[in-house]
Amino acid sequence: MKAQTFGPIPGSTILHGISGKKAIVMAANVRIATVAEGIFKAAKDTDSAVFMELARSESDLKGGYTGMTPQVFSGKMNAAAKAVGFDIWALHADHITIKKGDAAEVDGTKQLIDAQVKAGYTSFAIDASHLFNFEGKTVREELEENIRVTTDLARHIRQKMNGKEFGLEVEVGEIGRKDTEGLVLTRPEEAVGFIKALNENDVHPHVLAIANGSSHGHAYDANGNVIEQLSIDIPRTKEIAQALRDNHLHVGIAQHGITGTPRDLINLHFPKGDIIKGNVGTFWQDVAFGILKIYEPALYQNITDWTLEKYRPTNPGKKDRQIFDGNCKMAIKEFYKEIYAVDEETNKAMQAMAYAESLVFFRAFGAYGTASAIRKTLG
C-alpha cells in the first residue's frame with residue numbers, strides 16, 4: 001500500500017536497511033517546502049533513501065518559524081513524494097527540544113508529539129541535550145535529567161504509535177555548545193553511558209546525535225563572510241562509533257550542522273557507516289532564497305529589508321550579510337503567503353536547483369542505491 005500511495009515509511013526501516021553499508025542518509029530540513037519535489041526527484045533518480053524533517057523551532061503547533069504545523073508539513077511532503085512517485089522516505093520530527101525539563105514543558109512537548117503522530121510522522125528526534133548537570137560527579141549524574149526526559153518522551157511516542165514501527169533519534173551533548181576553550185565535544189563514555197541507560201529503560205534509539213565540532217547554520221570570518229570548512233572532529237566521531245560497537249550498542253551517529261561543509265570533503269573524509277544520518281537544513285533555505293533573489297527580486301528585497309530592520313538592533317557590530325543569513329529564516333512565516341504564491345517559473349527553478357544540489361549530496365553521502373537495498377528488506 002505504501003508503494004502505491006508514496007507515503008513515508010518508518011525511519012527504523014531505512015536505518016536498519018542501510019546497516020553495514022558505507023552510506024549516509026540525507027535528512028533535509030525543508031523550511032520552504034517548494035524545494036521538496038526537487039529533492040525527491042533526485043532521490044528517485046539516484047535510488048537514494050531520504051528523510052524529510054523539520055525541528056520544533058521550525059514547525060510546532062503554531063507553525064514555528066516556517067509557518068508550517070506538523071499537519072501542513074506532512075501534507076506538503078506527501079504531495080511532493082506522490083508527484084514524483086518516490087517511496088523510500090521517512091517523515092521525521094527533528095530536534096523535539098526540551099530546555100528546562102519541567103512538567104509544563106514536557107506536557108507541551110507531548111502535545112506536539114501527539115500532533116506529529118496524528119500527521120503521520122514516522123520518525124522522531126528527542127533532544128534533551130540541554131539538560132546537562134555541570135555539577136555531576138559521574139557521567140550518569142551529568143546525564144540523569146537527559147535520560148529521564150528522553151525516556152519519558154520515547155515511551156510516550158511508543159504508546160501513541162500504538163504498535164507501529166518508527167525511527168528514534170536521541171541527543172547527547174548539545175550541538176554547538178561552547179565553553180571558554182571553544183566547542184564542547186561529546187566523550188565516548190558519555191555516548192556509551194547515555195545509550196546504555198536508555199536501553200536499561202527499554203528505550204532503543206536507532207541513531208545518536210553527538211557534539212563533535214559542528215554547529216547549525218553557517219560559520220563566518222571576522223568580516224562576516226561565510227567560511228567553508230570541515231569542522232567536525234573526525235577522530236572523535238570514529239572513536240565514539242567504535243566505543244558504541246565495542247559495547248554492543250546498535251546505534252549509528254547523526255551528523256548535524258553539515259551546511260558549510262564542502263561536499264568533496266564530506267565525500268572523502270566523513271566516516272560513512274559510522275555516521276548514518278546527515279542533516280542538511282540551512283542549505284535548502286539558501287537555495288530557495290537564491291532563486292527568489294533572481295526570479296522575485298521585489299519579494300526578496302522586502303524579505304531582506306524586513307530581516308535587517310528587525311534584527312540589526314539585536315546584532316550590533318555584525319555585517320548585514322551575517323545578520324541576514326542568521327535571521328532570514330524568521331521571515332519565512334512573515335512572508336509565507338508571498339513565498340507560496342510565486343509563479344510556476346520560479347517554483348520550477350527552485351525545484352531544479354534543489355534537484356541538482358541533491359544529486360551532489362546523495363553522491364557525497366554514498367547514498368546511491370540505498371533505496372533499493374531498503375526495498376529488499378520490506379515484506
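Above this text you will find the structure in question.
Description of the structure in this document.

Procedures and definitions
- Residues take numbers from 1 onward in each chain, read along the sequence in its written order.
- For a predicted model such as this one, the threshold for reporting local features is a pLDDT of at least 70, and the threshold for listing and counting side-chain atom pairs is 80 or more; totals across whole chains, interfaces and linings nevertheless cover every residue.
- Just so you know, side-chain values use all the structure's heavy atoms and leave hydrogens and water out.
- Only DSSP runs of H or I with at least four residues qualify as helices, and only runs of E with at least two residues qualify as strands; both kinds are numbered from the N terminus onward.
- Residues enter a nonpolar core if they are buried and are Ala, Val, Leu, Ile, Met, Phe, Trp, Tyr or Cys, with the set joined through side-chain atoms within 4.5 Å.
- Here the term buried applies to any residue with accessible area under 20% of the maximum for its type, exposed to any over 50%, and partly exposed to those in between, with areas from a 1.4 Å probe on protein chains only.
- Contact definition: two residues touch when any of their heavy atoms are within 4.5 Å.
- A helix is expected to span 1.5 Å multiplied by its residue count minus one.
- Residues adjacent in sequence count toward polar contacts only when both atoms are side-chain atoms; beyond that, a polar contact is any pair of N or O atoms within 3.5 Å, and within protein one must be able to donate a hydrogen and the other to accept it.
- Criterion used throughout: strands pair if DSSP finds at least two bridges between them.
- By convention, a crossover is right-handed whenever its connection, traced from the first strand over the helix to the second and viewed with the strands pointing away, goes clockwise.
- Here, axes are lines fitted to C-alpha atoms. For helices the fit covers the stretch in contact, and angles between N-to-C directions go from 0 to 180 degrees.
- Patch membership needs two things, relative accessible area over 30% and no salt bridge, and members are linked within 9 Å if like-charged or within 5 Å if nonpolar (Val, Leu, Ile, Met, Phe, Trp, Tyr).
- Where accessible areas are quoted, they stem from the Shrake-Rupley method and a 1.4 Å probe; at the residue level, only the protein chains shown are allowed to cover.
- We count a salt bridge whenever a side-chain nitrogen from Lys or Arg sits within 4 Å of a carboxyl oxygen from Asp or Glu.
- For the purpose of charge, His is not counted, nor are the chain termini; Lys and Arg are scored as positive and Asp and Glu as negative.
- Throughout, a charge is located at the NZ atom of Lys, the CZ atom of Arg, the CG atom of Asp or the CD atom of Glu.
- Angle categories are assigned with fixed cut-offs, so that under 35 degrees is roughly parallel, over 145 is roughly antiparallel, 65 to 115 is roughly perpendicular, and the rest are oblique.
- When residues are sorted by character, Ala, Val, Leu, Ile, Met, Phe, Trp, Tyr, Cys and Pro go into the nonpolar class, Asp, Glu, Lys and Arg into the charged class, and all the rest, Gly among them, into the polar class.

1. Here's the deal with the environment of Leu-112
Here Leu-112 shows up in helix α5 (residues 103-118). On a C-alpha basis, the gap between Leu-112 and Pro-70 in space is 8.4 Å, while along the polypeptide they are 42 residues apart.

2. Structural notes on the nonpolar core
Nonpolar side chains in soluble globular proteins tend to be buried together. Ranked by internal contacts, the top residues of the largest apolar core, which has 116 residues, are Met-26, Ile-39, Val-50, Met-52, Leu-208 and Trp-284. Beyond its immediate chain neighbours, meaning those up to four positions away, Leu-208 contacts Val-170, Glu-171, Val-172, Ala-191, Phe-194, Ile-195, Leu-244, Val-251, Gly-252, Ile-253 and Ala-254.

3. Quick notes on helix α15 (residues 344-364)
Here α15 contains 21 residues, and its C-alpha end-to-end distance of 30 Å stays within 8% of the 30 Å for a straight helix at 1.5 Å per residue. Among the residues of α15, Thr-346, Asn-347, Ala-349, Met-350, Gln-351, Ala-354, Glu-357, Ser-358, Phe-361, Phe-362 and Ala-364 are the ones counted as buried. Lining the buried residues of α15 we find β1 (25-29), α3 (36-46), β2 (50-55), α9 (263-269), β12 (275-280) and α10 (282-295). Looking at where α15 begins, the residue whose side-chain oxygen comes 3.2 Å from the main-chain nitrogen of Glu-345 is Asp-343.

4. Remarks on the pairing of β1
Burial within β1 is extensive, with 5 of its 5 residues counted as buried. With burial as the criterion, each face of β1 is covered, one bearing Val-25, Ala-27 and Asn-29 and the other bearing Met-26 and Ala-28. Where β1 and β12 come together, 4 bridges link them in parallel fashion. What sits directly across from Ala-28, in β12, is Val-280.

5. Observations concerning the pairing of strand β4 (residues 123-127)
β4 sits mainly inside the fold: 5 of its 5 residues count as buried. When strand β3 (residues 89-97) meets β4, the two strands line up parallel, connected through 4 bridges. Bridge assignment links Thr-97 to a residue of β4, and that residue is Asp-127. As for the winding sense of the linkage, the β-α-β connection from β3 through α5 to β4 is right-handed. Pairing analysis gives 4 bridges linking β4 to strand β5 (residues 167-172), with the strands arranged parallel.

6. Observations concerning the sheet that holds strand β11 (residues 252-255)
With parallel pairing, 8 strands are arranged side by side around a closed barrel as β1-β2-β3-β4-β5-β8-β11-β12. Taking each pair of neighbouring strands and ignoring which way they run, the sheet shows an average axis angle of 25°. Strand direction decides the pairing type here: β2 and β3, joined by 6 bridges, are parallel. Residue pairing for β3: Leu-54 is matched across the bridge by Ala-93. Along the sheet, α3 contacts β1, β2 and β3; its crossing angle with β2, the most-contacted strand, is approximately 155°. Against the sheet, helix α6 (residues 139-161) engages β4 and β5, with an angle of about 160° to β4.

7. Some points on unusual backbone geometry
In this model, Phe-6 sits at a positive phi of 60°, which is unusual for a non-glycine residue. Position of Phe-6 among the secondary structure elements: in the loop between α1 (2-5) and α2 (11-17).

8. Description of a negative patch on the surface
A contiguous patch of negative charge, built from Glu-37, Asp-343, Glu-344 and Glu-345, is present on the exposed surface. For Asp-343, the position within the fold is in the loop between α14 (336-339) and α15. Exposure remark for Asp-343: the relative accessible area of 41% places this residue in the partly exposed category.

9. Let's talk about helix α8 (residues 234-246)
Taking 1.5 Å per residue as the helical rise, α8 with its 13 residues ought to reach 18 Å, and the 18 Å between its terminal C-alpha atoms agrees with that figure. Inspection of α8 places Ile-234, Thr-237, Ile-240, Ala-241, Ala-243 and Leu-244 among the buried residues, and these make up the whole buried set. Residues of α8 that are buried sit in contact with α7 (188-200), β8 (207-210), β11, α9 and β12. If you check the start of α8, you find a side-chain oxygen 2.9 Å away from the backbone N of Arg-236, and it comes from Asp-233. Where α8 terminates, the next one or two residues include His-248, which has phi positive at roughly 55°.

10. Here's the deal with the pattern of salt bridges
Where charged atoms from two side chains of opposite charge approach closely, those side chains can pair. Under the definition given, this model contains 20 salt bridges. Taking the shortest distance from any N to any O, the salt bridge between Asp-102 and Lys-100 comes out at 3.9 Å. Measuring nitrogen to oxygen at the nearest pair gives 3.2 Å for the salt bridge that ties Arg-187 to Glu-190. Judged by relative accessible area, Arg-187 falls into the partly exposed class, the value being 30%. Here the residues in one salt-bridge network are Glu-142, Arg-187, Glu-189 and Glu-190, joined through shared partners.

11. Notes on the packing of α10 against helix α11 (residues 297-311)
Two elements in contact, α10 and α11, have axes whose closest approach is 5 Å; the angle formed by their N-to-C orientations is 125°. Judged by the inter-axis angle, α10 sits oblique to α11. Of the residues in α11, those touching α10 at Phe-289, Leu-292, Lys-293, Ile-294 and Tyr-295 are Pro-297, Leu-299, Tyr-300 and Ile-303. Split by residue class, the contact of α10 with α11 holds 8 nonpolar, no polar and 1 charged.

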